[in-house]
Amino acid sequence: MSSFPTLDGIMASETLLSTFDIDCIVIDVLLFQTGHLCALESEIRDGIRYYKLGYPNRKVRKSFNVSLLGT
């Protein structure tokens, strides 16, 4: 089992994804805002819309694996 966090399939709220506080930005928000993660699905839970994030294509997925895992 890998000790690296998985970025594919993360659920994030619209509020979180629109946050841009450089002092406390989280990695999934940064990757979404730069286009390295995209919204694959959305659902509403308790009146809040959440987005399932994933890689936009195989090239981005592979580059993350190479960068993070060295494979």
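Look up a bit, the structure's there.
Residues numbered from 1 in each chain as written. Predicted model: local features only at pLDDT ≥ 70, side-chain atom pairs only at ≥ 80, totals over all residues. Heavy atoms only, no water.

**Considering the pattern of salt bridges**
(1) Moving on: All chains considered together, the criterion is met by one salt bridge.
(2) Moving on: Among the ionic pairs, Arg45 bridges to Glu43, the shortest N-O distance being 2.6 Å. (Salt bridge = Lys/Arg side-chain N within 4 Å of Asp/Glu carboxyl O.)

**Re the packing of aromatic side chains**
(1) Moving on: All told, the structure shown has zero aromatic pairs when counted by the stated rule.
(2) Moving on: The ring of Tyr50 carries the charged tip of Arg45 above its face, separated from the ring centre by 5.6 Å. (Phe/Tyr/Trp six-rings, centres within 6.5 Å; stacked < 30°, edge-to-face > 60°. Lys NZ or Arg CZ within 6 Å of the ring centre and 35° of its normal.)

**Here we look at unusual backbone geometry**
(1) Moving on: Not every positive phi belongs to a glycine, and Asp46 is a case in point at roughly 50 degrees.
(2) Moving on: Here Asp46 shows up in the loop between strand S2 (38–45) and strand S3 (48–54).
(3) Moving on: For Asp46, a relative accessible area of 82% corresponds to the exposed category. (Helix = DSSP H or I, 4+ residues; strand = E, 2+ residues; numbered from the N terminus. Buried < 20%, exposed > 50% of the residue type's maximum accessible area, 1.4 Å probe, protein only.)

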